[in-house]
Amino acid sequence: MEIDPQKVSRNDFYRLLTATVVPRPIAWVSTVGRDGAAANLAPHSFFTISAVSPPIVQFTSVGRKDSLRNVEASGEFVVNLAPEELFEQINDTATDFPHGVSEFEAVGIATEPSRFVKPPRVAASPVALECELHSTLRFGDSTVVFGRVVHAAVAEDVMADGHPDIRKLRPLSRLGKDEWGTVGEVREISRIRYADWDGPLRSGGEAR
Ligand SMILES: Cc1cc2nc3c(=O)[nH]c(=O)nc-3n(C[C@H](O)[C@H](O)[C@H](O)COP(=O)(O)O)c2cc1C
């Protein structure tokens with residue numbers, strides 16, 4: 001099928017994109033408003049690393065939501081990793097609670113204070129990236145939020161050999177429709193330097 005985004009509805013193309021750009025990591029974003037009250041928490045799967053040095057991450061608000069309003073007002077947010085065991089709670093925090101209702105309180109999610117920013121961390125999440133707003137970029141009704149990571153907190157029990165271990169982190173991902181993913185088979189392979197490259201066929205004659 002060849003699909004012209006101009007010839008299908010916004011929603012149909014959105015559904016195509018979210019079903020094909022998969023799996024997406026989930027930023028479970030905590031924020032507070034200017035007054036610091038009613039901490040907000042919502043999952044965002046339009047999320048990735050934008051830059052390494054300085055360390056910048058980004059998430060996209062499709063429409064103007066509480067998370068975006070709070071980030072604009074306070075200049076801060078925390079990206080909490082979305083762990084598999086909190087599946088239902090993470091989904092609960094995507095409910096469109098009225099402005100001023102804290103998802104932490106409504107869903108019953110324990111907080112812990114952040115080190116350098118006002119929004120709290122999710123206590124049960126193994127990773128929290130504390131961010132200061134760098135900038136935003138608007139595309140139609142979507143706003144990309146870029147945050148400079150000023151601090152990372154990683155639970156000791158997900159570390160192995162000084163590094164976060166994927167089998168201990170057990171992050172959820174977002175797929176298309178209402179589908180979510182868990183970490184499946186993990187395969188390892190090291191990159192080959194050109195100096196060691198011996199062509200598409202291995203010395204044993206087997207195809208790659
Ligand atoms: C797994 C998952 C991923 C989501 N990703 C996004 C996203 O990337 N951007 C977005 O605007 N909404 C996303 N949503 C929907 C928001 O979480 C939802 O609209 C939420 O109510 C926004 O909360 P807020 O108004 O407190 O910011 C996602 C929902 C789920 C369940």
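Residues numbered from 1 in each chain as written. Predicted model: local features only at pLDDT ≥ 70, side-chain atom pairs only at ≥ 80, totals over all residues. Heavy atoms only, no water.

So, the pattern of salt bridges
The condition that has to hold: For this document, the term salt bridge refers to a Lys or Arg side-chain nitrogen within 4 Å of an Asp or Glu carboxyl oxygen. Secondary structure is summarised from DSSP: a helix means a run of H or I of at least four residues, a strand means a run of E of at least two, and numbering begins at the N terminus for each.
Counted under the stated rule, the structure contains eleven salt bridges. Close ionic contact of Asp-141 with Arg-10 constitutes a salt bridge, the shortest N to O distance being 2.6 Å. With Asp-141 in the loop between β9 (127-139) and β10 (142-154) and Arg-10 in helix α1 (residues 10-20), this pair connects stretches of sequence that are 131 residues apart. Measuring nitrogen to oxygen at the nearest pair gives 3.3 Å for the salt bridge that ties Glu-76 to Lys-118. On the criterion of sequence distance, the pair formed by Glu-76 in strand β6 (residues 76-81) and Lys-118 in the loop between β7 (111-112) and β8 (121-122) is long-range, its members being 42 residues apart.

What to know about helix α2 (residues 66-74)
Note the cut-off: Only protein chains enter the accessibility calculation, which uses a 1.4 Å probe; a residue whose area is less than 20% of its type maximum is buried, one above 50% is exposed, and one in between is partly exposed. Whether two residues touch is decided by their heavy atoms; if any such pair falls within 4.5 Å, the residues are in contact.
Along α2, the residues classified as buried are Asp-66, Ser-67, Leu-68, Asn-70, Val-71 and Ser-74. Among the structural elements, β2 (27-31), β3 (40-44), β5 (56-62), β6, β9 and β10 are those in contact with the buried residues of α2. Taken from the residues just after α2, Gly-75 is the one with a positive phi, measuring 75 degrees.

Considering the sheet that holds β5
Rules: DSSP calls a pair of strands paired once it identifies at least 2 bridges connecting them. Lines fitted to C-alpha atoms define the axes here, with helix axes fitted over just the stretch in contact, and angles between the N-to-C directions of these axes take values from 0 to 180 degrees.
Spatial strand order, β3-β2-β6-β9-β10-β5-β4: seven strands in an open sheet with antiparallel pairing. The sheet is open, and its two borders are formed by β3 and β4 (47-51), each paired with just one other strand. When strand polarity is set aside, the average angle formed by the axes of neighbouring strands in this sheet is 35 degrees. As defined by bridge partners, β4 adjoins β5 across four bridges and the pair is classed as antiparallel. The residue of β5 that forms the bridge with Phe-47 is Phe-59. Along the sheet, α2 makes contact with β2, β3, β5, β6, β9 and β10, crossing β3 at roughly 120 degrees.

A look at the site of the ligand
Which entries qualify depends on this criterion: For this description, a residue counts as near a given molecule or strand if any of its non-hydrogen atoms is within 4 Å of it. In protein, a polar contact requires one atom able to donate a hydrogen and another able to accept it; more generally it is a pair of N or O atoms within 3.5 Å, and residues adjacent in sequence count only if both atoms are side-chain atoms. Areas reported as accessible are Shrake-Rupley estimates using a 1.4 Å probe. Residue values count occlusion only from the protein chains shown.
Every one of the 19 residues lining the ligand counts as a neighbour, but Asn-40, Thr-60, Val-62, Lys-65 and Ser-67 are closest to it. Phe-46 places a polar main-chain atom, nitrogen or oxygen, 2.9 Å from an oxygen atom of the ligand. Contacts to the ligand include Val-62, whose backbone N or O atom sits 2.8 Å from an oxygen atom. Notes on the ligand: free accessible area 650 Å², of which the protein chains cover 87%. Secondary-structure elements contributing two or more residues to the shell around the ligand are β3, β5 and α2. At four residues, β3 tops the list of elements feeding residues into the shell around the ligand.

Some words on the pairing of β5
With five of seven residues buried, β5 is to be regarded as a mostly interior element. Hairpin remark: β4 followed by β5, antiparallel, with four residues in the connecting loop. Summarising the sheet, β5 and β10 pair through seven bridges and their orientation is antiparallel. In the sheet register, Ser-61 faces β10, and the bridge partner there is Thr-143.

Some remarks on the environment of Val-127
Topologically, Val-127 is positioned in strand β9. The exposure class assigned to Val-127 is buried, which follows from its relative accessible area of 14%. Residues Val-127 and Pro-98, spaced 29 residues apart in sequence, show a C-alpha to C-alpha distance of 27 Å.

Description of the nonpolar core
Test applied: Side-chain atoms within 4.5 Å link the members of a nonpolar core, which is a set of buried Ala, Val, Leu, Ile, Met, Phe, Trp, Tyr and Cys residues.
Counting 17 residues, the largest nonpolar core has Val-57, Phe-59, Phe-77, Val-79, Leu-129, Cys-131 and Val-145 as the members making the most contacts within it. Of all the secondary structure elements, the ones that give two or more residues to this core are β2, β5, α2, β6, β9 and β10. Not counting chain neighbours up to four residues away, the residues in contact with Val-79 comprise Ala-27, Trp-28, Phe-47, Val-57, Val-127, Ala-128 and Leu-129. With 14 residues, the next largest nonpolar core counts Val-32, Leu-41, Val-107 and Trp-180 among its residues.

Focus on the side chain of Ser-142
The topology assignment puts Ser-142 in strand β10. Judged by relative accessible area, which is 16%, Ser-142 ranks as buried. Beyond its immediate chain neighbours, meaning those up to four positions away, Ser-142 contacts Thr-60, Ser-61, Val-62, Gly-63 and Leu-137.

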